[in-house]
Amino acid sequence: MVKVVPPVDNAKVPLTKPVEGVGGKTGLWRTMYKPVVDSSKCTKCFLCEIYCPGVCIVVDPVKGATINYDYCKGCGLCTDVCPVKAISMVPEE
Amino acid sequence: MSAPQTQRPLPPLPAKARGIVLPGDTSCPGCPIPIAFKVLASVFGDKMILVIPACCTSVILGTYPGQSLKAGVIHVPFASAAAVASGVAAALKMRGIEDVQVIAWAGDGGTADIGMATLSGAAERNEDIIYIMYDNEAYMNTGIQRSSATPQGAWTTTTPVLGKLEPKKDVAKIMIAHGVPYVATASIAYPHDFYQKLMKAKSIKGFRFIHLHAPCPPGWRFDPMYTVRIARLAVETGLWILYEYHNGKLMLSPPSQPYLDPSKRKPIEEYLKLQGRFRKITPELIKAIQQHVESNWEWIKKMMS
């Protein structure tokens, strides 16, 4: 076993910390359309949450999918992977 | 406990990744890398150390003082991913830490071209690491230059007129030739298959290699919403074969099993026509790609028997 020397107190170690939104509010990248979930059609299959490249969809087993528009980049991948077409792209107001 | 739905446990694949892969990274819309991270996080949680050479991911995770992944990340020079990962794994062993997995996460340029020497060295020493090569088939981060993993006929900024004329380098085959304990191919379109392979890799000691197919919307010239569709088409046309190699035996993975029969495969034109990088492809090159696919399947059949 190797003895590990911890860093000195108050030492400034240039380490990054996990934070949300490291690239800013990426929701501003959306140009024309945003995805909207039709909760009456949603079957809570979790596929959109698994595939969402923006990591901004969370599926609740009761309430269905919710989208975090602060970070949704508007790629539309969720509309393509949804097996029941419950997500559609609508023009942004 | 009133509604029966609430009693159903959440599936580990998206649920365990919550809070570990964080939103707001700087990836392009439709990027496959965060999808792969979610699968990684559902298997290892935050008990992983990623060693990342220069590639798209070093940009995606963000700049100091933040990063979009709640796990240990080490950014290293281009050629050294496997070497640094070997060192980190040895240091963890010396300190007696056993529940943390060291994962080298490199692109196709950092694996098939620049990182090949250290990768081969680490495989030969059978270091206790997982090496994942996510394959977007060119140097996407620096502006779509040709790599040795670029497929035949594909346009890149360094093969602008005829496209690349040579077939793709098959790194998984090279790793099988090293005799490492576990080699697998995976695709972004089949996250559950990738999850199973990572779970299996987690239970094995030694050098494990996973080759992950990851379509890149800006580099392959397609609409960001078709990332998963194109990755799935690559499997359905037989261009990308999902298999795992363990204990000297090659097993075809469930998503690829129907396509052992050539008549069930979709025509490869279906995969090519969705992508702008194959716009100028000639019928001769399509024929050459078809022959390459056939020879790959012949090799699979030979390895399985």
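Structure: see above.
Rules behind the numbers
Residues numbered from 1 in each chain as written. Chains lettered and ligands numbered in written order. Predicted model: local features only at pLDDT ≥ 70, side-chain atom pairs only at ≥ 80, totals over all residues. Heavy atoms only, no water. Contact = heavy atoms within 4.5 Å. Buried area = accessible area lost by both parts, 1.4 Å probe. Polar contact = N/O pair within 3.5 Å; in protein donor to acceptor, adjacent residues only side chain to side chain. Helix = DSSP H or I, 4+ residues; strand = E, 2+ residues; numbered from the N terminus. Nonpolar A, V, L, I, M, F, W, Y, C, P; charged D, E, K, R; others polar. Pairing = 2+ DSSP bridges. Axes fitted to C-alpha atoms, helices over the stretch in contact; angles between N-to-C directions.

Engineer: Please set out the interface of chain A and chain B residue by residue, giving values where relevant.
Structural biologist: Contact residues are listed per partner, giving 37 residues for chain A and 48 residues for chain B. In total, chain A and chain B occlude about 3,400 Å² of area from one another, counting both sides; carbon and sulfur atoms represent 65% of this. Counting across the chain A and chain B interface gives 18 residue pairs in polar contact (both at pLDDT 80 or more). Mapped by element, the contributors of at least two residues to the side of chain A that touches chain B are β1 (17-18), α1 (47-51), β3 (57-60) and α2 (77-81) of chain A. If one sorts the elements of the side of chain A that touches chain B by residue count, α2 of chain A sits on top with four residues. Taken together, the residues of the side of chain A that touches chain B sort by class into 23 nonpolar, eight polar and six charged. In terms of strand pairing, β1 of chain A meets strand β2 (residues 66-67) of chain B through two bridges, oriented parallel.

Engineer: So what about the sheet that holds strand β3 (residues 72-75) of chain B? Which residues, and what values?
Structural biologist: The pairing of strands in a sheet happens through backbone hydrogen bonds and is either parallel or antiparallel. Residues and elements named next belong to chain B. Taken in spatial order, the eight strands line up as β3-β1-β4-β5-β7-β6-β8-β9 in an open sheet, and their pairing is mixed. Since the sheet does not close on itself, it has two edges, and those belong to β3 and β9 (249-252), each with one partner. Direction aside, the axes of adjacent strands within the sheet are offset by 20° on average. When strand β1 (residues 48-52) meets β3, the two strands line up parallel, connected through four bridges. Residue pairing across strands places Ile49 opposite Gly72, the latter belonging to β3. Packed on one face of the sheet, helix α2 (residues 33-44) meets β1, β4 (101-107), β5 (130-135) and β7 (208-213) and runs near 170° to β4. Sitting on the sheet, helix α4 (residues 81-95) touches β1, β3, β4 and β5, and the angle it makes with β4 is about 175°.

On their own, these measurements won't tell you what the molecule is for.
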